[in-house]
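Observations on chain architecture
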Amino acid sequence: MNMLSLRIGVATATIAAFMAGQALADDNLVRVSSPHSVSDTVDRLAEAVEGAGAHIFARVNHAEGGAKVDMEIPDNELLIFGNPALGTPVIRDAPAAGLDLPIRVVVVETDEGTVLIYRSPDALAEMHGLPADHPSIAKMKGALNKLTGKAASQ
């Protein structure tokens, strides 16, 4: 095998690995379309979170941050929230899960409209070696489905 063939083979393998990683990352994300603006959707999500008795830790407006450094991006807000009754058992059983908890939902403006995006609790369990039937993971799935559904409803 000559050097050119070797370089082409390495480049092809690198690109394939990158693309596989991108596909895997996309499979771990849940997307929910919203008929509302980004700001209104985050407001509705925050209301649903508080109504469910969970705690909002932070709301980050990425577009405002970009504007502060003269960079423009489409509307993009992040809501960080959680319920210690659900998250604490996960962190107790897999301490590194604290990197992914509390829950993060980003709401972005895309060419197709407003979209809520969050990491699947199943993916979180798998990433941190938790069993698929961990009780808190099942509850997180249900809660995220309900909360994002309320935020995106008419």
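Preceding block: the structure.
Predicted model only: the values in this text are computed from it and were never measured.

Helix and strand content of the protein: 6 helices and 5 strands. Walking the protein from its N terminus toward its C terminus, one meets helices and strands in the order α-β-α-β-α-β-α-β-β-α-α. By the burial criterion, 36% of the 154 residues in the protein qualify as buried. A separation of at least 24 residues holds for 66% of the contacts in the protein among residues at least 6 apart in sequence.

With that out of the way, let us pick up a negative patch on the surface. Together, Asp 75, Glu 109, Asp 111 and Glu 112 make up a region of like negative charge exposed at the surface. Mapped onto the fold, Asp 75 is located in the loop between α3 (62-68) and β3 (76-82).

Bringing the pairing of β3 into the picture now. β3 sits mainly inside the fold: 7 of its 7 residues count as buried. With burial as the criterion, each face of β3 is covered, one bearing Asn 76, Leu 78, Ile 80 and Gly 82 and the other bearing Glu 77, Leu 79 and Phe 81. In the sheet, β3 pairs with strand β4 (residues 103-110) via 6 bridges, with the strands oriented antiparallel. Paired with Asn 76 across the strands is Val 108, a residue of β4.

Before going further, it helps to examine the sheet that holds β4. Read from one edge of the open sheet, 5 strands run β1-β5-β4-β3-β2, paired in antiparallel fashion. The outermost strands of the open sheet, each flanked by one partner alone, are β1 (29-34) and β2 (55-61). With direction set aside, neighbouring strand axes in the sheet form an average angle of 20°. Running at roughly 170° to strand β5 (residues 113-119), helix α6 (residues 135-152) makes contact with β1, β3, β4 and β5 of the sheet.

Time to look at helix α4 (residues 84-93). Along α4, the residues classified as buried are Leu 86, Gly 87, Pro 89 and Val 90. Down the axis of α4, the smallest arc covering the buried residues is 160°, so these residues share one side. Exposed side of α4, more than 90 degrees from the buried face: Pro 84, Ala 85 and Arg 92 are the residues found there. Along its buried surface, α4 packs onto α5 (121-127) and α6.

Judged by nonpolar contacts, the single largest core of 29 residues is most densely connected at Leu 45, Phe 81, Val 90, Val 105 and Leu 116. At the level of secondary structure, the elements contributing two or more residues to this core comprise α2 (38-51), β3, α4, β4, β5, α5 and α6.

Scoring rules and cut-offs
- Residues numbered from 1 in each chain as written.
- Predicted model: local features only at pLDDT ≥ 70, side-chain atom pairs only at ≥ 80, totals over all residues.
- Heavy atoms only, no water.
- Helix = DSSP H or I, 4+ residues; strand = E, 2+ residues; numbered from the N terminus.
- Buried < 20%, exposed > 50% of the residue type's maximum accessible area, 1.4 Å probe, protein only.
- Contact = heavy atoms within 4.5 Å.
- Patch = residues over 30% accessible without salt bridge, like charges linked within 9 Å, V, L, I, M, F, W, Y side chains within 5 Å.
- Areas by Shrake-Rupley, 256 points an atom, 1.4 Å probe, with all protein chains shown as cover.
- Salt bridge = Lys/Arg side-chain N within 4 Å of Asp/Glu carboxyl O.
- Lys, Arg positive; Asp, Glu negative; His and termini not counted.
- Charge placed at Lys NZ, Arg CZ, Asp CG, Glu CD.
- Pairing = 2+ DSSP bridges.
- Axes fitted to C-alpha atoms, helices over the stretch in contact; angles between N-to-C directions.
- Arc of directions from axis to C-beta.
- Core = buried A, V, L, I, M, F, W, Y, C linked by side-chain atoms within 4.5 Å.

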